[in-house]
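# Architecture and fold: a report
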Amino acid sequence: MNFHLRLWRQKSADTPGRFEGIEATNITPDCSFLEMLDIVNNRLITDGKEPIAFESDCREGICGTCSLVINGVPQGPGRGAACQVYMRKFKDGETIFVEPFRAGSFPILKDLVVNRSAYERIMRAGGFISEHTGGAPDASAILIPKPVADKAMDAAACIGCGACAAACPNSSAMLFVGAKVTHLNLLPQGQPEAKKRARAMVRAMDEEGFGNCSNYYACEAVCPASVSASVIAKLNRDYIKGEVSEAVGAID
Amino acid sequence: MSSTANKESTGTSSLSSKPSGKSSACCTCSSPLLSSSIGRKWIVAITGILLILFVSGHLLGNLTIYPGPNWINAYAEHLQSLGPFLWVIRLVLLAIVGLHITCTIQLWMENRAATPQKYAVTNTLQTTIYARSMRLTGLVVIAFIIFHLAQFTWQGFNPVTRTWIDAQGRHDVYRMVIAGFSNPFVSAFYLLAVGLLAMHLSHGISSLFQTLGLTTAKLRPLFERAGRIIALVIFLGYASIPLSVLLGILRYPHVSLCPFVH
């Protein structure tokens with residue numbers, strides 16, 4: 001199969017980028033999108049040209065490193081990460097736009113690679129639990145009702161890939177923060193920080209310069225882990241609870 | 001301990017690629033609750049609820065035009081008889097509208113700053129036209145409200161209507177409304193405005209439940225449907241009045257639609 005690629009090329013964070021037309025010829029339909037980019041890169045290197053910079057790690061849809069936007073859809077068409085997109089999904093001779101995540105808080109480092117440290121810093125603000133060191137406790141020592149465990153697990157499926165903020169017309173990170181807060185606040189292990197967590201993470205999110213949620217639900221549509229936007233409702237709830245508790249002096 | 005914390009904070013600031021726009025953007029208050037993203041969205045949601053209540057109450061009042069001049073003129077006179085209290089209500093409404101708009105503009109400006117570059121290929125991804133047009137519909141509605149107040153409250157376009165008195169000596173609101181809507185341009189603008197208001201409410205009603213944290217995955221589709229239905233009912237209620245005037249169902253002098261009501 002042959003494709004006309006329109007790829008975003010940008011030398012560094014400080015230089016302006018532009019689209020470059022690159023032909024991807026003789027691609028087998030069973031190639032994954034990333035393998036197709038590998039083939040194109042090998043040819044570029046053979047021709048003595050600069051290869052396209054893009055990120056990937058596990059290439060099996062788990063890690064979410066492959067932060068590509070294919071034809072305007074973060075993580076590409078279909079559910080799952082961009083590495084799970086196969087070239088048979090496209091028409092022969094199709095023009096495919098490949099862009100990096102576009103959000104002010106995810107600055108472009110080079111070509112299709114963005115810096116997603118903003119999510120790490122939000123995690124540092126409250127995306128953790130406090131636990132004793134030493135021997136692991138008995139796995140069944142703490143009872144968790146099945147529906148609670150299910151809801152927490154659904155939220156814990158978030159891999160922090162950043163597609164939610166990339167898809168959001170406002171570049172809002174609410175689905176990510178909502179997933180983390182829902183996951184940890186629902187479980188008994190997350191209770192010591194539960195009241196502060198939403199407050200701390202939302203403040204960190206605001207400081208990173210992410211936008212505000214307008215309830216567009218584009219995040220939910222692209223999330224490779226199918227996290228539901230209901231986690232945002234829980235975040236809204238827990239955040240206000242936390243702020244009010246603090247304002248009236250209910251917690252430190 | 002303190003040295004680790006210091007390292008942590010310097011690491012954060014050096015890693016941080018751009019300064020925070022948020023804390024400086026909000027100048028209305030210093031409380032973290034009200035300056036945060038979610039805090040201001042709560043203000044928009046709560047003022048939105050109050051405005052929906054106003055819009056519903058106003059519609060019920062307007063519908064008194066159907067039983068005839070006796071009803072709507074009595075209703076208008078009752079409102080006017082509130083005297084200074086009416087001004088309190090007006091000022092409270094003005095403050096609510098002001099808060100709703102101020103917070104939205106702040107949030108919108110931050111959203112624009114957070115998204116410096118758009119994608120080459122636009123993809124609406126599940127977003128509804130109602131959600132995407134909130135700012136446009138809101139702006140047209142506020143422009144309409146100003147026109148509407150000038151027309152029917154201040155009566156600046158046709159001051160002669162101020163002197164219209166019904167048989168009981170009350171201000172003849174019935175006649176004023178019929179005269180106003182007999183102008184097809186006035187009716188057209190009114191229909192456009194209430195249509196856009198319905199679009200605004202359609203997203204706004206379902207959205208406020210999400211913002212206030214009252215939705216679950218199961219409830220959200222129900223709230224979305226409820227938003228559509230309430231918006232449609234409000235649209236039909238408001239739109240029926242200019243349409244009835246243009247179709248001659250409501251006319252001056254009044255012709256009773258129902259033999260039991262006079």
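These figures come from a predicted structure and were not determined experimentally.

Rules behind the numbers
Residues numbered from 1 in each chain as written. Chains lettered and ligands numbered in written order. Predicted model: local features only at pLDDT ≥ 70, side-chain atom pairs only at ≥ 80, totals over all residues. Heavy atoms only, no water. Helix = DSSP H or I, 4+ residues; strand = E, 2+ residues; numbered from the N terminus. Buried < 20%, exposed > 50% of the residue type's maximum accessible area, 1.4 Å probe, protein only. Contact = heavy atoms within 4.5 Å. Areas by Shrake-Rupley, 256 points an atom, 1.4 Å probe, with all protein chains shown as cover. Lys, Arg positive; Asp, Glu negative; His and termini not counted. Charge placed at Lys NZ, Arg CZ, Asp CG, Glu CD. Expected span 1.5 Å × (residues − 1). Salt bridge = Lys/Arg side-chain N within 4 Å of Asp/Glu carboxyl O. Polar contact = N/O pair within 3.5 Å; in protein donor to acceptor, adjacent residues only side chain to side chain. Nonpolar A, V, L, I, M, F, W, Y, C, P; charged D, E, K, R; others polar. Domains from an automatic or database assignment. Buried area = accessible area lost by both parts, 1.4 Å probe.

Further remarks concern the overall build of chain A. Broken down by element type, chain A carries eight helices and seven strands. Taken over the C-alpha atoms alone, chain A extends approximately 65 × 40 × 35 Å along its principal axes. Looking at the 252 residues of chain A, the share that counts as buried comes to 53%. Of the contacts made within chain A by residues no fewer than 6 positions apart, 68% connect residues no fewer than 24 positions apart. Only carbon and sulfur atoms are counted for the fraction: they give 54% of the accessible area of chain A, which is about 10,800 Å². Positive and negative side-chain charges of chain A, numbering 27 and 29 respectively, have mean locations separated by a distance of 3 Å.

This brings us to helix α6 (residues 84-114) of chain B. Taking 1.5 Å as the rise per residue, α6 of chain B with 31 residues should run 45 Å; its terminal C-alpha atoms sit 45 Å apart, in good agreement. Of all the residues in α6 of chain B, the buried ones are Leu86, Leu93, Ile96, His100, Cys103, Gln106, Leu107, Glu110, Asn111 and Ala114 of chain B.

Contact with chain A, which involves 53 residues of that partner, is made by 44 residues of chain B. Where chain A touches chain B, the interface holds one salt bridge. Along the contact surface separating chain A from chain B lie 25 residue pairs in polar contact (both at pLDDT 80 or more). No other element matches the nine residues that helix α8 (residues 230-247) of chain A contributes to the side of chain A that touches chain B. A class-by-class count of the residues in the side of chain A that touches chain B yields 29 nonpolar, 14 polar and ten charged.

The next subject is the domain arrangement of chain A. All names here are of chain A. Once the domains are mapped, chain A shows domain 1 (3-110) and domain 2 (117-247). Between domain 1 and domain 2, the C-alpha centre-to-centre distance is 29 Å. In this assembly, 15 residues from domain 1 lie in contact with 19 residues from domain 2. Taking both sides of the interface into account, the surface hidden between domain 1 and domain 2 amounts to around 1,200 Å²; carbon and sulfur atoms contribute 60%. For domain 1, the biggest contributors to the area lost against domain 2 are Arg79, Ser105 and Phe106; these three give 44% of the whole. Viewed at the interface, domain 2 and domain 1 are joined by zero salt bridges. Seen at the junction of domain 1 and domain 2, the total is seven residue pairs in polar contact (both at pLDDT 80 or more). Within the side of domain 1 that touches domain 2, the residues separate by chemical class into eight nonpolar, five polar and two charged.

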